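Below, each chain spelled out in residue letters.
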Amino acid sequence: MIHVLFHPTALMAALVAGGEAAGKTTALDPAVVISSLYVFALAAFLGYQVISRVPPLLHTPLMSATNAISGISLIGSLVIAGSTYEHHQTLASLLGCAAVTSAMINVTGGFLITDRMLKMFRKKETVKAEEKK
Amino acid sequence: MTHPSYILEATYLIASCLFVMGLKSLSHPDTARRGMIMAAAGMLAALLGTLFHPDIHNYLWIAVGLVVGSSIGIPMAMVPMTAMPQRTALSHAFGALAASLVGIAEYVIHGNSMGGVKMGALGLEVMLGSLTVTGSLIAAAKLQEFMRGTPIQFKGQHFVNLAIGLGMVTCFVLWVIDPGAANANIYFFTLVGLSFLFGVMLVIPIGAADMPVVMSLLNSYAGLSSAATGFVLGNNVLIIAGTLDGFSGFILSILMCKAMNRSITNVLFGGFGAVVGTDTGGVGGTMREVTVDDVAVQLAYANQVVFVPGYGMATAQAQHACRELGNLLEERGVAVKYAIHPVAGRMPGHMNVLLAEANVPYSSLWEMDQINPEMPQTDVAVVIGANDVVNPDARDNPKSLIAGMPIIEVDKAKSVVVLKRGKGKGFSGLENPLFFKSVTGMLYGDAKSSLVNLAQAVQKV
């Protein structure tokens, strides 16, 4: 399966396993890692099921919607931009601010344009009623 | 998270559920809009919840980011529908940039105290994020025609790409294995730099016609990069939202590849479109040119007319003119359908959006598999700026470069009218035997003005 190369889910799993085996003191609790993997695997199955049902008609809105949703990295950016640190405060705040900006572009732009597009997909009856006006 | 906060986690859980429900609603155009409002509400909940995060003490940078981001994001949502592909590519770049910056910031803050698992996830996040940033920017530049749409190839390209790839893996491994090493910073930032370079190298050899696959793939990488951020921060809503995005892009790229009968590897490394078609199986003969008035009569007295749009319709901004002609025909009792090939245009679903914008009801938009059985009963098929997706060579000539690609079989209709700018070849550089068939008439000129002229002529019939 060549797809594995481009979709490094398997790679990610292998790395987590590798990190555990190396016995390093991880900042992440192993229980957190394992539950994260469960969430990831279940989200993958759910995503596959849900997204397979989206008709080709709506593939462009699908892409801009998922793009807006992946702007969720906003919440990670917010914490970085707003926290206080012992070292590298300025750099961390600037990086955080830039990340908030980029994520926010995705969130606002993505949801707005998706809505704009979806508004245009109308039933025959609606189109006819509008044109009569 | 240092201080567990149940309220915060609750907003994330609600956001996750709303995202899934929102995407589920996209299975039908009638429910889609409400669903997206739910997803946006989920995002708002997560955003507001996070503002009360116990670690946040300073709101200045947050406010700056939110205001600047919104004031760029809102105008970016106002672009014309024909610019959707490049807009989407740009927003992939921003999404990936956010994930990548979060990763870099985490490393700057926590340095080598993170441990193997977290570093592995962080490395992947930054790698995928960075290559998506530059890859998407190149894709956007090609789509906006700041850059030539043709593939850029040079001798030893695969070797150079392989070397960059190996360099990335080496830096990644060295960095994760020994985070305490004196050179750890060098490895990390070399990894970031190489990833940016790799993104450029990945997209420059890809032709404009293959953009639907590349767009989907970049979409997927941006999502996976967000999911990796979730692993780094131990945050489930990031993992869920990122994975949904990642899988959506993955599924779309597979669908797009199927619609071209090619593999992902072939799209990425094949440099399609650079090879000028040599195996066209001795196409020849003369193209029959037709006049606006002839076509107008044909259309006006037809029982069924099928419009087949391609990227040419988008460049000519001809969707409204097309809809107006369609309206006139419908008023005369002609059955009018619009046939959409999955890879027509520059991104998945591109043509559907353009026609919906021009007020075509979605029930008139037909998928390839639905419309093909209707072709023999179709009196006139009107091809508007499409080429490869109606090329019968894909079906008939096993030596053709696009052999096996499913097509909209317009050549089975009783007659075909091709609206085309000039006599040249299409984007892929392939000859199209459709143009030489006896059923086919060629109507040269700008698609939009041809359609407007046709509409006027039909009114006089």
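Basis of the calculations
- Residues numbered from 1 in each chain as written.
- Chains lettered and ligands numbered in written order.
- Predicted model: local features only at pLDDT ≥ 70, side-chain atom pairs only at ≥ 80, totals over all residues.
- Helix = DSSP H or I, 4+ residues; strand = E, 2+ residues; numbered from the N terminus.
- Buried ≥ 20, exposed ≤ 12 C-beta atoms within 10 Å, placed from the backbone.
- Contact = placed C-beta atoms within 7 Å.
- Pairing = 2+ DSSP bridges.
- Axes fitted to C-alpha atoms, helices over the stretch in contact; angles between N-to-C directions.
- Expected span 1.5 Å × (residues − 1).
- Nonpolar A, V, L, I, M, F, W, Y, C, P; charged D, E, K, R; others polar.
- pLDDT = per-residue confidence, 0-100.
- Core = buried A, V, L, I, M, F, W, Y, C linked by C-beta atoms within 7 Å.
- Parallel < 35°, antiparallel > 145°, perpendicular 65-115°, else oblique.
- Left-handed = near helix turned anticlockwise from the far one by under 90°.
- Domains from an automatic or database assignment.

What chain B contains, in helices and strands, is 17 helices and 6 strands. Judged by the C-alpha coordinates and their principal axes, chain B covers about 75 × 50 × 35 Å. Buried residues in chain B amount to 57% of all 461 residues. Across chain B, every contact between residues at least 6 apart in sequence was considered, and the portion connecting residues at least 24 apart equals 80%.

Let us now look at unusual backbone geometry. All names here are of chain B. The phi angle at E145 is positive, at roughly 65 degrees, despite the residue not being glycine. Within the secondary structure layout, E145 lies in the loop between α5 (116-143) and α6 (157-177). Given 11 C-beta atoms within 10 Å, E145 falls into the exposed group. Non-glycine residue N261 carries a positive phi angle of around 55 degrees. If you trace the backbone, N261 turns up in the loop between α9 (236-258) and α10 (264-270). For N261, a count of 14 C-beta atoms within 10 Å puts it in the partly exposed group.

Paired through backbone hydrogen bonds, the strands of a sheet run either parallel or antiparallel to each other. Residues and elements named next belong to chain B. Reading across the sheet, the 6 strands line up as β3-β2-β1-β4-β5-β6 and stay open at both edges, with parallel pairing between neighbours. The sheet terminates laterally at β3 (365-367) and β6 (440-444), the two strands that pair on one side only. Neighbouring strand axes in the sheet, compared pairwise and without regard to direction, differ in orientation by 25 degrees on average. Running at roughly 130 degrees to β6, helix α11 (residues 292-300) makes contact with β1 (304-309), β4 (380-384), β5 (415-420) and β6 of the sheet.

For the rest of this paragraph, the subject is helix α2 (residues 29-51) of chain B. Taking 1.5 Å per residue as the helical rise, α2(B) with its 23 residues ought to reach 33 Å, and the 34 Å between its terminal C-alpha atoms agrees with that figure. Every buried residue of α2(B) is accounted for by P29(B), A32(B), G35(B), M36(B), A39(B), A40(B), G42(B), M43(B), A46(B), L47(B), G49(B) and T50(B).

Moving on, we come to the interface of chain B and chain A. On the side of chain A, 96 residues touch chain B, which itself brings 104 residues to the contact. Looking at side-chain class alone, the side of chain B that touches chain A contains 62 nonpolar, 35 polar and 7 charged residues.

Mean pLDDT over chain B works out to 88, with 95% of the residues at or above the 70 mark. Interface confidence for the predicted complex, given as ipTM, is 0.89, next to a pTM of 0.87.

Residues L191(B), V308(B), V383(B) and I384(B) are the most contacted members of the largest nonpolar core, which totals 200 residues. Here I384(B) is in contact with F307(B), V308(B), P309(B), G310(B), G312(B), M313(B), A318(B), C322(B), L419(B) and A447(B), once residues within four sequence places are set aside.

Below, the discussion takes up the packing of helix α6 (residues 89-120) of chain A against α2(B). Look at α6(A) against α2(B): their axes get within 9 Å of each other, and the N-to-C directions meet at 165 degrees. Relative to α2(B), α6(A) is oriented roughly antiparallel. In this structure, α6(A) meets α2(B) at a crossing whose hand is left-handed. Residue-level contacts link V107(A), F111(A), T114(A), D115(A), L118(A) and K119(A) of α6(A) to A32(B), R33(B), M36(B), A40(B) and M43(B) of α2(B). Residue classes in the contact of α6(A) with α2(B) are distributed as 7 nonpolar, 1 polar and 3 charged.

Another aspect to go through is the pairing of β4(B). Residue and element names in this part refer to chain B. In terms of burial, β4 is largely enclosed, as 5 of its 5 residues are buried. Alternating residues of β4 divide into V380, V382 and I384 and A381 and V383, and every residue in both groups is buried. Pairing analysis gives 5 bridges linking β4 to β5, with the strands arranged parallel. By the bridge assignment, V380 is partnered in β5 with S415.

Attention now moves to the environment of T243(B). Among the secondary structure elements, T243(B) is positioned in helix α9. Sequence separation between T243(B) and A227(B) is 16 residues; the distance between their C-alpha atoms is 5.6 Å. With near-sequence residues (within four places) excluded, T243(B) lies in contact with F40(A), A43(A), A44(A), G47(A), G223(B) and A227(B).

With that settled, consider the pairing of β5(B). Residues and elements named next belong to chain B. In terms of burial, β5 is largely enclosed, as 5 of its 6 residues are buried. Relative to β6, β5 runs parallel, the two being bridged by 5 bridges. Counterpart to K420 in the pairing with β6 is Y444.

All names here are of chain B. On domain assignment, one finds that chain B holds domain 1 (79-270) and domain 2 (292-460). For domain 1 versus domain 2, the separation of C-alpha centres amounts to 36 Å. Mapped by element, the contributors of at least two residues to the side of domain 1 that touches domain 2 are α4 (84-110), α8 (211-233) and α9. Tallying contributions element by element places α8 first for the side of domain 1 that touches domain 2, with 4 residues. Per-class residue counts for the side of domain 1 that touches domain 2 are 14 nonpolar, 5 polar and no charged.

Moving on: the packing of helix α5 (residues 73-82) of chain A against helix α3 (residues 60-76) of chain B. Where α5(A) meets α3(B), the axes come as close as 7 Å, and the angle between the chain directions of the two elements is 140 degrees. One finds that α5(A) runs oblique with respect to α3(B). Considering how the two elements wind past one another, α5(A) and α3(B) form a crossing that is right-handed. In this structure, α5(A) contributes L78(A), A81(A) and G82(A) to the contact, and α3(B) contributes W61(B), I62(B) and G65(B). Class assignment for the residues of the contact of α5(A) with α3(B) results in 4 nonpolar, 2 polar and no charged.

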